[in-house]
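Structural overview
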Amino acid sequence: MSKYFHITTYGCQMNVHESEKIAGILSRMGYKACDNIEDSDIAVFNTCCIRENAENHAFGNIGMLKKLKANKRDMLIAVGGCLTQQIGKADTLHDKYPYVDIIFGTHNLNELEELINKKRRQKKAVIEIEDSEGGICEGEKPLRTSYPNAWINITYGCNNFCSYCIVPYVRGRERSRRSEDIIKEAEELIAQGYKELTLLGQNVNSYANGTDDLSFPELLKKIADIEGKFRLRFMTSHPKDFSEELARVIAENPKICRAVHLPVQSGSDSVLKAMNRKYTAADYIKKIEILKKYVPDCAVTTDLIVGFPNESEEDFKATLSLVKQVGFASAFTFVYSKREGTVAAKMDGQIPEEVSKRRIMELIKLVNAQTREQTSHYVGKTIEILCEDYDEKRGKYLGRDEYGRMAYFSSGENKKGEFVRVKVGSANGMSLYGELTEE
Ligand code: 5AD
Ligand code: SF4
């Protein structure tokens with residue numbers, strides 16, 4: 001009889017790809033994927049702790065499994081991801097949810113098979129959290145779920161220690177995969193028919209820093225040189241390491257999407273300093289100018305935090321004004337979330353919730369207005385879309401252009417994984433609607 005697994009993923013693309021690796025391990029062990037957690041023989045929670053609400057979400061979902069587990073004693077529940085790697089959190093998890101069978105840290109993912117087997121031999125929970133700086137696991141084949149896009153890790157961990165951020169504590173020090181392994185993986189994916197590769201790292205621009213391996217722009221160029229029609233994306237870039245050479249490589253290689261995610265976090269110099277971001281608003285604007293000099297049509301997206309300790313009304317206004325000046329194509333906006341163990345968690349001047357709420361509403365309003373305004377310019381234009389999926393609700397196919405705009409269109413044939421040309425008829429908020437065209 002078949003055995004089934006179910007994975008619940010929280011957080012970023014990095015975690016989505018990590019879940020693909022977990023799925024790869026479980027399929028190798030003979031499990032099959034299933035859509036409903038109730039049907040699973042092993043339920044895995046791949047958690048995130050970057051903000052408190054992501055953490056609470058995971059805790060809530062794990063809590064809801066108590067009943068299911070009581071009725072289905074053979075079912076295994078495993079919890080992995082960033083949450084488990086915080087000091088003391090694995091024990092909290094174990095105390096609060098004693099029915100969780102396996103708790104494994106971010107550095108223990110490649111031991112999952114061993115941990116499952118160990119749990120089968122013993123009654124008590126298996127807890128394996130390696131408190132190391134982190135290694136690199138090669139050779140485990142992920143079970144990919146986001147065709148026609150494929151994620152490729154290029155770096156793990158982070159050395160930047162932005163004062164609000166827990167990532168360096170739970171993901172370890174920055175380490176880069178060898179370029180030959182990355183290029184080989186990219187070649188295989190293109191040969192298998194993937195049409196978009198996204199290189200992943202907390203700070204891709206510092207790829208292989210301090211080693212004799214390729215620089216990030218060199219690596220990008222090598223991958224862009226692989227035969228075949230495909231798109232190449234990367235995330236995330238840290239503004240302090242974003243170089244002119246990178247802008248040039250984007251300009252010279254049409255396969256590299258003209259879309260850069262460059263988190264600025266704040267427009268206020270004093271807040272940026274307290275965040276330990278190592279650039280000023282003017283430095284950031286300069287980087288954008290360099291990028292636009294080489295790639296004038298580049299879509300720049302960003303991350304923004306409001307309510308960082310001591311953020312004054314003036315600081316917040318500086319963020320609004322930077323957003324207006326840069327004209328981001330879109331932005332992820334966050335309310336600062338205090339993370340135990342980070343430098344900012346010890347700072348005085350925490351901002352009252354109602355102030356942060358008001359600020360984030362104002363910021364979202366501005367960002368959305370800008371995005372809408374930019375989207376409206378698409379009407380009447382013909383764009384190239386990589387079709388990603390079919391939306392049952394709308395009864396339409398969907399995909400993105402190279403700048404990251406989502407477009408919907410109708411087709412009698414399955415277009416998933418194909419590049420198609422779409423004439424945009426209307427724009428609704430952030431999305432475009434159009435028809436297939438030969439133009
Ligand atoms: N509070 C709010 N937002 C945060 N981010 C990281 N840590 C925090 C935090 N403690 C945001 C940053 C980062 C994105 C991935 O998450 O904007 O770029
Ligand atoms: Fe966190 Fe800063 Fe590293 Fe990004 S660069 S993961 S925000 S510490």
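Reading the values: the criteria
Residues numbered from 1 in each chain as written. Chains lettered and ligands numbered in written order. Predicted model: local features only at pLDDT ≥ 70, side-chain atom pairs only at ≥ 80, totals over all residues. Heavy atoms only, no water. Helix = DSSP H or I, 4+ residues; strand = E, 2+ residues; numbered from the N terminus. Contact = heavy atoms within 4.5 Å. Near = heavy atom within 4 Å. Polar contact = N/O pair within 3.5 Å; in protein donor to acceptor, adjacent residues only side chain to side chain. Areas by Shrake-Rupley, 256 points an atom, 1.4 Å probe, with all protein chains shown as cover. Nonpolar A, V, L, I, M, F, W, Y, C, P; charged D, E, K, R; others polar. Axes fitted to C-alpha atoms, helices over the stretch in contact; angles between N-to-C directions. Parallel < 35°, antiparallel > 145°, perpendicular 65-115°, else oblique. Left-handed = near helix turned anticlockwise from the far one by under 90°.

**Some thoughts on the environment of Gln86**
Its place among the elements puts Gln86 in the loop between α4 (82–85) and α5 (89–96). C-alpha of Gln86 to C-alpha of Cys49: the two residues are 37 residues apart in sequence and 8.5 Å apart in space. Here Gln86 is in contact with Cys49, Glu55, Ile166, Val170 and Arg339, once residues within four sequence places are set aside.

**Things to note about the site of ligand 1**
Neighbouring residues of ligand 1: Ile50, Arg51, Tyr164, Gln265, Asp303, Ile305, Phe334, Val335, Tyr336, Ser337 and Arg339. In the model, an oxygen atom of ligand 1 is placed 2.6 Å from a nitrogen or oxygen of the Asp303 side chain. In the environment of ligand 1, a nitrogen atom lies 2.8 Å from a nitrogen or oxygen atom belonging to the backbone of Ser337. Considering ligand 1 on its own, with 400 Å² of exposed area, one finds that the protein chains cover 86% of that surface. Elements supplying a minimum of two residues to the shell around ligand 1: β13 (299–306) and β14 (330–335). Class assignment of the residues belonging to the shell around ligand 1 gives a composition of six nonpolar, two polar and three charged.

**So, the site of ligand 2**
Close to ligand 2 lie Cys158, Asn160, Phe161, Cys162, Tyr164, Cys165, Val167, Pro168, Gln202, His238 and Arg277. Among the residues forming the shell around ligand 2, the class breakdown is seven nonpolar, three polar and one charged.

**Some thoughts on the packing of helix α1 (residues 13–28) against helix α6 (residues 112–121)**
It is the contact of α1 with α6, at a shortest axis distance of 10 Å, that shows an interaxial angle of 55°. Considering their axes alone, α1 and α6 lie oblique with respect to each other. As α1 runs across α6, the sense of the crossing is right-handed. In this structure, α1 contributes Ile22, Ile25, Leu26 and Arg28 to the contact, and α6 contributes Leu112, Glu113 and Ile116. For the contact of α1 with α6, the class distribution of residues is five nonpolar, no polar and two charged.

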